[in-house]
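Residue-level listing of the chains:
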Amino acid sequence: MSDSLQGLDYDLVVVGAGIVGLATAYAARCQGLSVAVVERQAHSVGASVRNFGFVTVTGQRAGAHWRRALRAREVWGEVAPRAGIPVLQQGLCVLAQRPEAMDVLEAFALTEMGQACELLTASQTAQRYPFLGQGVGALYSPHECRVESREAIPRLARWLQQEMGVVFHWSTAVQDIALPAIDTSRGRLRAERCIVCPGHDLNSLYPAEIARAQARLCTLQMLRVRPAQALHLPAPVMSDLSLVRYEGYSALPQAQALLARLQQEQAEHLRQGVHLIAVQSADGSLVVGDSHVYDGAEAPFAHEAIDALILQELQRVLPLPGLQVVERWTGTYASAEDVVFQASPAPGVVLGIVTGGTGASTAFAFAEELLAQALA
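Let me sum up the structure you'll find in this document. (Residues numbered from 1 in each chain as written. Predicted model: local features only at pLDDT ≥ 70, side-chain atom pairs only at ≥ 80, totals over all residues. Heavy atoms only, no water.)

Focus on the overall build of the protein
Step number 1: Scanning the protein for helices and strands turns up twelve helices and 17 strands.
Step number 2: On C-alpha atoms alone, the protein measures out to a radius of gyration of 21 Å, which is about the 21 Å that the 2.2 N^0.38 rule sets for 376 residues.
Step number 3: Summarising its shape, the C-alpha atoms of the protein cover approximately 65 × 40 × 40 Å along the three principal directions.
Step number 4: Looking at the protein as a whole, 54% of its 376 residues qualify as buried. (Helix = DSSP H or I, 4+ residues; strand = E, 2+ residues; numbered from the N terminus. Rg over C-alpha atoms; globule rule 2.2 N^0.38 Å. Buried < 20%, exposed > 50% of the residue type's maximum accessible area, 1.4 Å probe, protein only.)

What follows is the structure, given as structure tokens:
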């Protein structure tokens, strides 16, 4: 990395090295454009490295966003082996703990999004997943995959630089964009087009434009736990609470009866936005979460009571006596009524934010949309 950026010229500059920015750089290089990524941090530290690394297709909002997830899963399948990113798990198991949850899964299986998914009875679930807690059945989806996000994002960036020819300018803040000039804390770049992928930074660039998204910041808590005895989790696991949060399920009429029961039985989980995703890492530990607290700013402090709710749900779904919590962290993402926000605040400039907490699941497809808008 040179001390000054003065005089460097590219077809496209991408602002932000989260998953949306990296996916955009990849899409642009696939079309033969010269690309630079400008990131204010020394490396990616935001939501893209703090999540499950779970590429979720099943349960996404029906329609365009579900199709984004399908496309993004396809691109992950192409990119991961080329970038040396291990795919640690495939598929998804949603355990139904209550009859009302099974009703939701049965209705979901009849939708377009339920194609290729498999409904399991209680006995079939117990036979296939003997380590799960008590349930009345389950839904298995073959569509998902899981990577270790804290390793996958740096590997993706290195591969884009070393093999795809993307230039990275780390520790560099973009201060103003007036194409072809892009002024940064280290000098001026020149580019024909610019795609801004700010993640949850809603105030540094084009704040008035971003305000149209009416986004808030969602802070979540997550944990890494180590089972006392070896466990092989072949697929990520979700639970009843997920069925009233993921819109592909919660928008179904059958979800209302489940929600009513959960309000009686797990009201505090709902109040804190807790639902369960449990995924397994290569060392056998599990990443579990998460919660959702919404505000105009990132919540700076984590709460033990919320972690306790997450662990309580984990033990209901995946009983692990003697498990040890080895790591705790928070994450933050922009959240709005719509699941993505894109705009063109100036000629040649496109702004894109995944505002539904599904960046890992949809960014590769969303990036193709942003690039198409920039090139139009």
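So, the environment of Val293
Step number 1: Tracing the backbone through its elements, the reader meets Val293 in strand β15 (residues 293–295).
Step number 2: Residue class for Val293 comes out partly exposed when judged on its relative accessible area of 32%.
Step number 3: Taking the C-alpha atoms as reference points, Val293 and Gln272, separated by 21 residues in sequence, lie 6.4 Å from one another.
Step number 4: Those residues in contact with Val293, other than ones at most four positions away along the chain, are Leu217, Cys218, Thr219, Gln272 and Ile306. (Contact = heavy atoms within 4.5 Å.)

Structural notes on the pairing of strand β14 (residues 286–289)
Two faces make up the sheet, and in a regular strand the side chains alternate between them.
Step number 1: A two-sided burial pattern is seen for β14, the buried positions comprising Leu286 and Val288 on one face and Val287 and Gly289 on the other.
Step number 2: Sheet topology places strand β11 (residues 216–226) next to β14; four bridges connect them, and they run antiparallel. Looking at the pairing, Val225 lines up with Leu286 of β14.
Step number 3: Examined bridge by bridge, strand β13 (residues 277–280) and β14 share four bridges and lie antiparallel to one another. Across the sheet, residue Val279 finds its bridge partner in β14, namely Val287.
Step number 4: Where β13 folds back onto β14 in an antiparallel hairpin, the turn is made up of five residues, including Gly284, whose phi is positive at roughly 95°. (Pairing = 2+ DSSP bridges.)

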